[in-house]
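Spelled out, the chains give:
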Amino acid sequence: MTTEPRGLHAPFSAAVLRAIPMGALLVGDDGRVVAANPQFTEVCGLHGVDTSTGAPADPIADAVTRLLPERDAAALRSLRGQFVRKAELRLRDGRTLRRSRQPIDAGERHLGVLWLVEDVTEQRRYEADLHRHIDTLGDLARDRAEFAARTSHELRTPLATVLTFCELLSDPAGGALDEAQRAYLDTIRRAATRMQDMADGLLHRYAEAASGAPPSFAPLDPGRLLTRLVHDITPWATRDGVFVALDLPGGGPPPLTGDADQLERALTSLLDNAVKFTPAGGTVTVTARPCDGPGADEAPAPPGWRITVADSGIGIPKEFQEEVFTEFVRAPNARRGGYPGTGLGLSVVRDAVRLHSGTVAVHSDEGHGTSVEVWLPLGGPPGTGPA
C-alpha cells in the first residue's frame, strides 16, 4: 500500500495536472510521485512505468534517462531538486523535448518539484526550415542586387558613348545640321539620357544593397541640399517646359541629423518624378519648413523638417497611392503614357525616410497633380542625434 506524500494534496494535484496541455509530473520532497498526467507518460514514452501516486520517482528518471544520448543522460539522473532548471533534450529517436523544473515551496518549507515536458520536435524543425529559407532568400537578394548593379554598370558605358557622339554631332564645327537631323539627334539624346538615369537608379539602389555599408549620420542643412538639387534639375525641367519653384525659410533654420547620400538620393527621386510626370507648361513646387512631427495627440512628436514636392502632373490613381512605394510598381497611367522608369524611385524615398525614422505621405488625384510630403526628425533615428 502506497503512502500519500505529505504537504501536497494528491487528488487535487492530479486534477490540476490533467488540465495542463503538456506533460506534467509532480514529485514530493520524499522522492515519490504526487501526480502525473497522461500527457507526461505519452510524451516521455513511459508505457509500463509506474507513475501512480506514491510510486518512487527514481525509476521514472531512469526510464527517461535511457531515452537520452550518454552525453545528456546526467541531465535527468534525478527528478528531485531545489533549483529552477530549463533545458531542451535531444532524444535518441530524434525527438526534441523541452523540459522545465520548478520547485514547490511553502514559505521556507520545500514540498516538492513540478516537472513540465513538451515535445517541440516539429516546432524546432519548422524553425530550422524557416531559418534555412531566410538564408536562401538573403542569398537570392544579394545575388539580385549584385546582378542589377553589374548590369547597370555595363549599360552606362555604351550610353555614355551615345551621348558623347550626340554632343559631337551637335557641335557646329562638325558641320551644320538641318531641322530633321537636329530633331533626330534630340530624340536620341533624350532617350539615351533617360536610359542612363534608369541605369544610374538601378546602380545606386542595388550597389548599396550589395555592399551592406552602414548609414553615416551627421548634421546637414536641408535647405542647402534642396537648393543644390533644384539648381541641378532646373535645366532639364526648363528644356521640357516645366517651371520649378523653391520655397525655403530664412533666418538660419536648424539642421537635421541624417545620411546625406540617402537623403540626396531620395529627394532627387522625388524631383525627377515630379518633373518627368508634369507636362510642358506645368509647375513643380518644393517647400521645406521646420515643424513639429506628425505624432499622436497623447505623445507629442519631436521637432523636424517637413519637405513637400508638389507638381501639376498626371497624378496617381487613389488605388495605387500606397502600392507605388513598392519596388518595380508603376501606376497604370504612367505605363500607358510611355513615361520611362523602373518603379524604384518611391521605394528609394520610402527606405530613406524609414532609415531616418520619418514619415512619407502621398496626396494625389489622377489628372490633377501629386504632392509628396516627407517629415524627418531633427535628431535622426534614435541613438544618432547629438548627445
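Shown above is the structure to which this text applies.
The rules behind each value
Residues numbered from 1 in each chain as written. Predicted model: local features only at pLDDT ≥ 70, side-chain atom pairs only at ≥ 80, totals over all residues. Heavy atoms only, no water. Helix = DSSP H or I, 4+ residues; strand = E, 2+ residues; numbered from the N terminus. Buried < 20%, exposed > 50% of the residue type's maximum accessible area, 1.4 Å probe, protein only. Contact = heavy atoms within 4.5 Å. Areas by Shrake-Rupley, 256 points an atom, 1.4 Å probe, with all protein chains shown as cover. Salt bridge = Lys/Arg side-chain N within 4 Å of Asp/Glu carboxyl O. Pairing = 2+ DSSP bridges. 1 Å grid on protein atoms, 1.4 Å probe; cavity = no way out; pocket = protein on both sides within 12 Å on 5 of 7 lines; lining within 4 Å. Points joined across faces, edges and corners; volume = space filled by probe spheres on them. Expected span 1.5 Å × (residues − 1). Polar contact = N/O pair within 3.5 Å; in protein donor to acceptor, adjacent residues only side chain to side chain. Core = buried A, V, L, I, M, F, W, Y, C linked by side-chain atoms within 4.5 Å.

> How should I be thinking about the overall build of the protein chain in this particular structure?
Counting secondary structure elements, the protein chain contains 10 helices and 12 strands. Sorting the 387 residues of the protein chain into buried and exposed places 39% on the buried side. The long-range fraction of contacts in the protein chain, counting pairs at least 24 apart against all pairs at least 6 apart in sequence, stands at 58%. Of the accessible surface of the protein chain, which amounts to about 21600 Å², a share of 56% is contributed by carbon and sulfur atoms.

> It is not clear to me how the pattern of salt bridges should be interpreted in this structure. Could you clarify?
For side chains of opposite charge, pairing can occur when their charged atoms come near one another. Overall, the coordinates contain 15 salt bridges when judged by the stated rule. A salt bridge links Glu366 to Arg336; the shortest N-O distance between them is 3.6 Å. With a gap of 30 residues between them, Glu366 in the loop between β11 (359–364) and β12 (370–377) and Arg336 in helix α9 (residues 332–336) connect regions that are remote in the sequence. Residue classification places Glu366 among the partly exposed residues on the basis of a relative accessible area of 38%. A relative accessible area of 62% places Arg336 in the exposed class. Look at the salt bridges and you will find they share partners, linking Glu88, Arg98, Glu118, Arg124 and Glu127 into a network.

> Would you take a moment to explain the pairing of β11 for this structure?
As a general feature of sheets, a regular strand has side chains that alternate between the two faces. Two strands pair when backbone bridges link them, and β11 and β12 are joined in this way by 6 bridges, in the antiparallel orientation. When the sheet's bridge partners are listed, His363 is paired in β12 with Ser371. The turn linking β11 back onto β12 is made up of 5 residues, and Gly367 within it adopts a positive phi angle of 90°.

> How should I be thinking about empty space enclosed by the protein in this particular structure?
By rolling a water-sized probe across the atoms, one finds the places where empty space is left. In this structure the tally under the stated criterion is 2 cavities of 30 Å³ or more. Here the second largest cavity is characterised by a volume of approximately 30 Å³. Together, Leu263, Ala266, Leu267, Val349, Ala352, Val353, Val374 and Leu376 line the second largest cavity. Mapped onto the lining of the second largest cavity, the elements with two or more residues apiece are α8 (260–276), α10 (345–355) and β12.

> Can you walk me through α8 in this structure?
Helix length check: α8, at 17 residues, gives a terminal C-alpha distance of 24 Å against a target of 24 Å (1.5 Å per residue), a fit within 8%. If you check the start of α8, you find a side-chain oxygen 3.1 Å away from the backbone N of Asp261, and it comes from Asp259.

> Looking at this structure, I do not really get the environment of Val242. What am I missing?
Relative to the elements of secondary structure, Val242 occurs in the loop between α7 (222–239) and β7 (243–247). For Val242, a relative accessible area of 4% translates into the label buried. A C-alpha to C-alpha distance of 9.2 Å links Val242 and Lys276, two positions 34 residues apart in sequence. Those residues in contact with Val242 that lie beyond four places of it in its chain are Ala237, Val275, Thr278, Pro279, Gly282, Thr283 and Val284.

> Teacher, can you tell me more about α10 here?
One turn of the α-helix equals 3.6 residues, which is why residues spaced by three or four share an orientation. Burial in α10 covers these residues: Leu346, Ser347, Val348, Val349, Arg350, Ala352 and Val353. Ser357 sits one or two residues past α10 and shows a positive phi near 60°.

> Help me understand the nonpolar core, please; the structure alone is not making it clear to me.
In summary, soluble globular proteins display a tendency toward joint burial of nonpolar side chains. Counting 38 residues, the largest nonpolar core has Leu270 and Val284 as the members making the most contacts within it. Of all the secondary-structure elements, those providing two or more residues to this core are α7, α8, β9 (283–292), β10 (303–311), α10 and β12. Excluding anything up to four places from it in sequence, Val284 contacts Val242, Phe243, Val244, Ala245, Ala274, Val275, Thr278, Val309, Ala310 and Asp311.

> Even after reading the chapter, I still don't get the side chain of Ser364, so can you show me in this structure?
Mapped onto the fold, Ser364 is located in strand β11. Within the local environment of Ser364, its side chain forms a polar contact with the backbone nitrogen of Ile316, the two atoms lying 2.8 Å apart. Of note is the side chain of Ser364, whose polar atom sits 2.8 Å from the side chain of Thr370. When near neighbours in sequence (up to four residues on either side) are disregarded, Ser364 contacts Gly315, Ile316, Lys318, Gln321, Gly369 and Thr370.

> In this structure, what is going on with the side chain of Asn37? I would like to understand it.
Here Asn37 is to be found in the loop between β2 (33–36) and α2 (38–44). Judged by its relative accessible area of 1%, Asn37 is buried. A polar contact of 2.9 Å, which involves the side chain of Asn37, links it to the backbone oxygen of Leu17. Among residues more than four places away in sequence, those in contact with Asn37 are Leu17, Arg18, Ile20, Met22, Gly23 and Ala24.

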